[in-house]
Amino acid sequence: MPYNIQIINLLASLLLLIAFAMLSQRRILSLINLFAWQGLVLSLSTFVVAYSTGQHHLYYSAGLTLLLKVLLLPWLLHRLMRKLNVRWDVETLINIPATMLVGIGLVIFSFNLAAPISQLSESITRGLIGIALASVLLSMLMMLTRRKAIPQVVGFLAMENGLFFAATSATHGMPMVVELGIALDVLVATFIFGIFFFQIRETFDSLDISNMEKLKDD
Amino acid sequence: MMSTNQALGILLQIYQSLLVVALAPLLTGWVNQCRAWLQNRSGPGVMQPYRTLRKLFHKDAVMAYNASLLFRATPYILFGCMWLAAAIIPIIAVDLPFSPAADVIALVGVFALARVFIALAAMDIGTAFGTLGARREMLVSFLAEPALLMVFFTASMISHSTQLPRIVEALARHQFVLYPSLAFAGLAFVIVLLAENARIPVDNPATHLELTMIHEAMILEYSARHLALVEWASSLKLFAYIAIGIALFLPYGIAEVGAMTENWESALPLAIIALLVKLILAGAALALLEALLAKMRIFRAPEFLGTAFLLAVLGLLIHFLLGA
């Protein structure tokens with residue numbers, strides 16, 4: 001195997017590992033740091049794909065990922081966390097070992113699901129669709145099992161990371177316009193989520209979104 | 001020709017076994033010394049375990065009056081098991097005559113045998129501490145063992161064999177390849193090593209604090225030569241685990257007996273120097289890891305070891321998906 005593919009495989013495995021680490025994380029601060037690391041791994045892998053396939057627009061998206069997901073979004077989330085004063089969020093709906101077991105099940109499921117798809121692909125990194133799918137599903141699992149708002153948003157952003165990884169590894173990236181659009185979307189979404197956080201806290205005095213269930217009138 | 005090869009193999013096997021027994025306390029001393037340096041203490045020196053062993057061998061053994069034969073025999077069984085494990089693992093050369101005796105699964109079994117005996121001996125006297133230690137040891141090890149097996153399976157899948165010499169050959173010979181699956185297995189193995197050798201996040205080898213101790217609680221009743229053998233067996237176990245780690249993840253530089261018949265004069269010193277350098281680095285890394293981590297509550301240990309199992313299973317799955 002050539003070295004660039006080995007490096008991409010290694011980075012893909014790291015992406016999956018970070019997804020699991022996020023799933024097992026109890027503290028918001030470490031969760032945001034892990035999100036930044038995941039962004040870094042994503043940016044590196046995009047860069048390696050760009051280098052090994054010679055697709056120039058992937059360099060731009062690697063740079064964009066670095067700027068947005070490693071620096072800007074973690075900084076925004078850190079600021080939000082400080083302003084909302086929620087450093088010690090520890091609540092999960094199911095306990096963490098059980099979540100990890102469900103996570104393993106999801107990984108097996110997505111590897112199986114991706115096996116026939118990856119045989120259709122021609123690209124050098126087709127084996128990675130399974131890993132990308134697994135990290136998307138793991139991030140979704142994190143959104144489902146967390147009770148508080150900030151981890152759910154981090155889960156959402158991590159899910160976007162997984163999708164982005166799927167796009168670069170399976171098809172060498174989306175058109176630049178789409179990529180810019182998604183980047184902007186994620187940025188705006190984070191701003192809006194930030195405003196939502198303040199609204200939720202002002203209404204309920206906590207960021208526990210289960211309070212929102214009381215809003216419906218029956 | 002065949003007979004000289006065999007004789008050389010047997011000679012090397014004896015040499016490796018004696019070397020391991022002689023070096024194991026030194027490794028423990030080195031780890032303790034590094035820990036002392038990292039904690040800004042001057043430390044007792046790397047030879048301290050030898051002095052402790054000599055002191056213990058010169059003392060008179062004291063036995064509880066209700067100690068059974070099991071209690072007396074356990075230190076010898078423990079020492080024998082660990083020595084056997086160290087003889088099976090390829091440490092200085094690959095094709096030793098003893099290594100086909102057991103594959104990695106049997107190796108895990110040898111460790112399990114030693115563990116069962118030490119736990120039974122701890123319960124034999126009937127003190128509260130012994131029973132407590134034995135139960136905790138079983139809690140930790142029944143979670144560590146599947147993770148260890150999974151680590152071995154990952155390495156076996158890559159090299160298509162469960163024989164340690166074949167695994168080492170397969171990993172050491174062909175050109176350098178980045179194995180993401182082995183990286184995962186390596187992480188899992190480090191966690192298992194920490195748990196199985198009573199190192200810091202799970203157990204503290206330097207304390208007799210009753211609320212936290214596991215390994216020390218089990219051997220509280222031993223004294224003199226029995227204690228010396230138990231301590232020596234612990235050193236051997238640490239040595240064996242680090243040797244397994246080196247064999248699986250850093251096998252470069254190990255000598256091969258087949259190749260050694262032609263130029264074994266140069267291959268063997270190289271293998272020993274490589275081993276010593278790797279041991280020194282591994283011991284320092286272990287001490288650093290212990291200095292960075294904090295002792296965790298006993299009820300967090302299952303989660304910690306669950307992480308090891310998870311990492312090892314992920315390694316296996318990634319091997320299936322990527323073939324690497």
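Note that the structure is a prediction, hence the values are computed from the model and not measured. (Residues numbered from 1 in each chain as written. Chains lettered and ligands numbered in written order. Predicted model: local features only at pLDDT ≥ 70, side-chain atom pairs only at ≥ 80, totals over all residues. Heavy atoms only, no water.)

Undergrad: Any chance you could explain the nonpolar core here in plain terms?
TA: Among the nonpolar cores identified, the biggest contains 156 residues, and Leu16(A), Phe20(A), Met22(A), Val107(A), Val154(A) and Leu107(B) are the most heavily contacted of them. Of the residues forming this core, the biggest block, 16 residues, is contributed by helix H9 (residues 224-249) of chain B. Once residues within four sequence positions are removed from consideration, Leu16(A) is found in contact with Val107(A), Phe111(A), Ile131(A), Ala134(A), Ser135(A), Leu138(A), Leu314(B) and Ile318(B). (Core = buried A, V, L, I, M, F, W, Y, C linked by side-chain atoms within 4.5 Å. Buried < 20%, exposed > 50% of the residue type's maximum accessible area, 1.4 Å probe, protein only. Helix = DSSP H or I, 4+ residues; strand = E, 2+ residues; numbered from the N terminus. Contact = heavy atoms within 4.5 Å.)

Undergrad: Whenever I open this one, the interface of chain A and chain B confuses me. Can you help?
TA: When the parts of a complex come together, some accessible area is lost, and that lost area is often used as the size of the interface. Chain A puts 22 residues into the contact, and the matching count from chain B is 17 residues. Interface area for chain A against chain B, summed over the two sides, is near 1800 Å², with a carbon-plus-sulfur share of 79%. At the junction of chain A and chain B, the tally comes to zero salt bridges. For the interface between chain A and chain B, the tally reads zero residue pairs in polar contact (both at pLDDT 80 or more). Contributing elements (two or more residues each) for the side of chain A that touches chain B: helix H1 (3-24), helix H4 (96-120) and helix H5 (129-145) of chain A. In the side of chain A that touches chain B, the residues fall into 16 nonpolar, five polar and one charged. (Buried area = accessible area lost by both parts, 1.4 Å probe. Salt bridge = Lys/Arg side-chain N within 4 Å of Asp/Glu carboxyl O. Polar contact = N/O pair within 3.5 Å; in protein donor to acceptor, adjacent residues only side chain to side chain. Nonpolar A, V, L, I, M, F, W, Y, C, P; charged D, E, K, R; others polar.)

Undergrad: I keep staring at the side chain of Ser13(A) and nothing clicks. Help me out?
TA: Residue and element names in this part refer to chain A. Along the polypeptide, Ser-13 turns up in helix H1. Taking the relative accessible area as the measure of exposure, Ser-13 reaches 1% and is therefore buried. Of note is the side chain of Ser-13, whose polar atom sits 2.8 Å from the backbone oxygen of Asn-9.

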